[in-house]
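Residue-level listing of the chains:
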Amino acid sequence: VTAVAVAAVAAAATVGTDPASSQDPTPKRTRSVVLHAQSSHTPVLIRRVIIPLFKIPFVAPASAALLILWAVANVVFTSHLQPPIEAFTFFADEHMVQKGINLNREGFAAGAAQSYNT
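Summarised in this report is the structure supplied together with it. (Residues numbered from 1 in each chain as written. Predicted model: local features only at pLDDT ≥ 70, side-chain atom pairs only at ≥ 80, totals over all residues. Heavy atoms only, no water.)

1. Let's talk about the overall build of the protein chain
Next, step 1: Along its length, the protein chain carries six helices and zero strands.
Next, step 2: Tracing the protein chain from N to C terminus, the helices and strands come up as α-α-α-α-α-α.
Next, step 3: Here the protein chain displays about 10,600 Å² of accessible surface, and carbon together with sulfur accounts for 69% of that area. (Helix = DSSP H or I, 4+ residues; strand = E, 2+ residues; numbered from the N terminus. Areas by Shrake-Rupley, 256 points an atom, 1.4 Å probe, with all protein chains shown as cover.)

As structure tokens, this is what we get:
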């Protein structure tokens, strides 16, 4: 009974595989991604530098660790941000645009009723 079960499992495992995949240990999905990434539409930098670089075993974990450290540094520096003490003004108080803004806020059209000469 055990030999029959092992043979059934082995037969089920080989169903749907083609003979070419027995020579290439790369799964079909990975092969298609690699072939697509190496097509002529992929930029040369990615095709000739980045893809071969990530075939080196330690590059992917090192890249992940570097990105995690970068994210931690961003969180640390972001936590040190504080709101500005005073509102930002693009122009100095004596600039003509700032005088126009102040005139619109406090001048005739926007002034209080007490500031009108009636």
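2. Observations regarding a nonpolar patch on the surface
Next, step 1: There is a patch of nonpolar side chains on the surface, built from L45, I46, V49, I50, L53, F54, I56 and F58 and spanning about 710 Å² of accessible area.
Next, step 2: On the secondary structure map, I56 appears in the loop between α4 (44-53) and α5 (59-79).
Next, step 3: By relative accessible area, I56 is classed as partly exposed at 33%. (Patch = residues over 30% accessible without salt bridge, like charges linked within 9 Å, V, L, I, M, F, W, Y side chains within 5 Å. Salt bridge = Lys/Arg side-chain N within 4 Å of Asp/Glu carboxyl O. Buried < 20%, exposed > 50% of the residue type's maximum accessible area, 1.4 Å probe, protein only.)

3. Overview of the packing of aromatic side chains
Next, step 1: Applying the stated criterion across every chain, the model contains one aromatic pair.
Next, step 2: Measuring from ring centre to ring centre gives 4.9 Å for F90 and F91, while their planes differ by 90°; the resulting arrangement is edge-to-face.
Next, step 3: Look at F91 and you get partly exposed, because its relative accessible area is 26%. (Phe/Tyr/Trp six-rings, centres within 6.5 Å; stacked < 30°, edge-to-face > 60°.)

4. Quick word on the pattern of salt bridges
Next, step 1: Under the counting rule described, the total for this entry stands at one salt bridge.
Next, step 2: In this structure, E94 engages K99 in a salt bridge whose closest nitrogen and oxygen atoms are separated by 3.6 Å.

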